[in-house]
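Next come the chains, spelled out residue by residue.
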Amino acid sequence: MTLPGEPIESPCTLCADAPRQILSARDRRGAPLLTAICRRCGLVSHADIPTEEALRAFYAQRYRAEYHGEVTPSPKRVRRAWRQGERLLARLGPRLAPGARVHEFGAGIGCTVKVFERAGFDATGVEPGLGFQRFAEARLRARVRCATLDEPAADDHPADLGLLVHVIEHLRDPVASLETIRDRLAPDGLLYVECPNLEAPFARFGRMFHEAHIYNFTAATLDAAAAVAGLSLAEPMSGPRDENLARLYRPAAPAAVEDAIDPGAYARTTHAVRRLNVVTYHLRPRYLRTRARKIGERATEAATARRWLARLERAVAADAAPG
Ligand SMILES: [Zn+2]
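A.B. asks: How would you summarise the coordination of the zinc ion if you had to cite specific residues and measurements?
C.D. replies: Within the first shell, the zinc ion binds the protein through C12 (SG), C15 (SG), C38 (SG) and C41 (SG), at distances of 2.2 to 2.3 Å. The site at the zinc ion holds four donor atoms, and with the angles between them running 105 to 117 degrees, its shape is tetrahedral. Considered as a linear motif, the donors of the zinc ion on their single chain read C-x2-C-x22-C-x2-C. Judged by its relative accessible area of 4%, C12 falls in the buried class.

Structure, rendered in structure tokens:
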């Protein structure tokens, strides 16, 4: 049995030879999952990064378990994703020139790509999950290709804005993926990255660690990974208390690891993680208010989402019709 605090052998993705130790031995459901922290840079990840093959098997199995072979997301799920796209458009659209090229890496069911397209941007995306990609293309008529993040197509033009939203925490090698993405940005382009914030005051430590989330970033470790990959912080778009990190980066010369890492990150992260537990999480007022609101929202959503999706599909079909 490996316990929190125990040193482990496997290397840190950022600083290969630095000592790491176990931060948690359980996932959010209480199942065994070893999560480790690097004592040098504070990067938190699975103790053992899964192989490409193991990751593929995990997603194939998860896909079967969660969707029972169905490739069509529910109308509620589509509407939530659409609202997320509208939120991103409101946040990022005003920074873009009319018709700017927007590309989403890991586009899911294509809602964000379609929202940007309908706002007048040249919006495309890639999505490796075939079921999601098919939904994006066939139902939303969004320009989403079925491909991994690392497979550039011949017709891909450099993006004025890249989007990487709740994707980076799932990747085996985020630095390598960020390097690939950086090479697909225009020289004055921007990359927006959003992912869970491990350091948020109410990040639920007991429920944070998840087999699908290979990495658990803080602002410091995400910025360090980005800097090593040649992306410098243009603007932090989230505060330290926010549940999600939201950061805007621009291409820059890649930084050396020793220059990119924040020496205080390890201490801050271990402190943030240890003061939390499941009890404080569930008793906090914001959590209870959010839960109550979510339960109410879900009941309403179930009643109206199907009609909403039918209207949206008619609208995108009308957009696509000639004349
Ligand atoms: Zn490290």
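A.B. asks: So what's going on with the pairing of strand β8 (residues 159-165)? Which residues, and what values?
C.D. replies: Successive side chains on a regular strand alternate, one facing one side of the sheet and the next facing the other. Most of β8 is tucked away, with six of its seven residues classed as buried. Bridging between strand β5 (residues 101-105) and β8 involves three bridges; their strand directions are parallel. Counted as the bridge partner of E104 is L163 from β8. Where β8 meets strand β9 (residues 185-196), six bridges bridge the pair, whose relative direction is parallel. Across the sheet, the residue bridging to G162 is L191, located in β9. The handedness of the β8 to β9 crossover, carried by helix α5 (residues 174-182), is right-handed.

A.B. asks: So what's going on with the packing of α5 against helix α7 (residues 219-228)? Residues and values would help.
C.D. replies: It is the contact of α5 with α7, at a shortest axis distance of 8 Å, that shows an interaxial angle of 55 degrees. Judged on the interaxial angle alone, α7 and α5 are oblique. Viewed along their axes, α5 and α7 form a crossing whose handedness is right-handed. Within the contact between the two elements, α5 uses V175, L178 and E179 and α7 uses A225, A226 and V228. Residue composition of the contact of α5 with α7, by class: five nonpolar, no polar and one charged.

A.B. asks: Outline the pattern of salt bridges, supporting the account with residue identities and numerical values.
C.D. replies: Overall, the coordinates contain 11 salt bridges when judged by the stated rule. Notably, a salt bridge pairs E194 with R87, separated by 3.1 Å at the nearest N-O pair. Here the residue E194 occupies a position in strand β9, and R87 occupies one in helix α2 (residues 75-92), the gap between them amounting to 107 residues. The class for E194 is buried, based on a relative accessible area of 3%. Measuring nitrogen to oxygen at the nearest pair gives 2.9 Å for the salt bridge that ties D262 to R268. Taking the relative accessible area as the measure of exposure, R268 reaches 38% and is therefore partly exposed. The network of salt bridges with common partners includes E199, D262 and R268.

Criteria and thresholds
Residues numbered from 1 in each chain as written. Predicted model: local features only at pLDDT ≥ 70, side-chain atom pairs only at ≥ 80, totals over all residues. Heavy atoms only, no water. Donors = N, O, S within 2.8 Å, 3.2 Å for Na, K, Ca; no water. Tetrahedral: all angles 85-135°; square planar, octahedral: opposite > 155°, others 65-115°. Buried < 20%, exposed > 50% of the residue type's maximum accessible area, 1.4 Å probe, protein only. Helix = DSSP H or I, 4+ residues; strand = E, 2+ residues; numbered from the N terminus. Pairing = 2+ DSSP bridges. Right-handed = clockwise from strand over helix to strand, strands pointing away. Axes fitted to C-alpha atoms, helices over the stretch in contact; angles between N-to-C directions. Parallel < 35°, antiparallel > 145°, perpendicular 65-115°, else oblique. Left-handed = near helix turned anticlockwise from the far one by under 90°. Contact = heavy atoms within 4.5 Å. Nonpolar A, V, L, I, M, F, W, Y, C, P; charged D, E, K, R; others polar. Salt bridge = Lys/Arg side-chain N within 4 Å of Asp/Glu carboxyl O.

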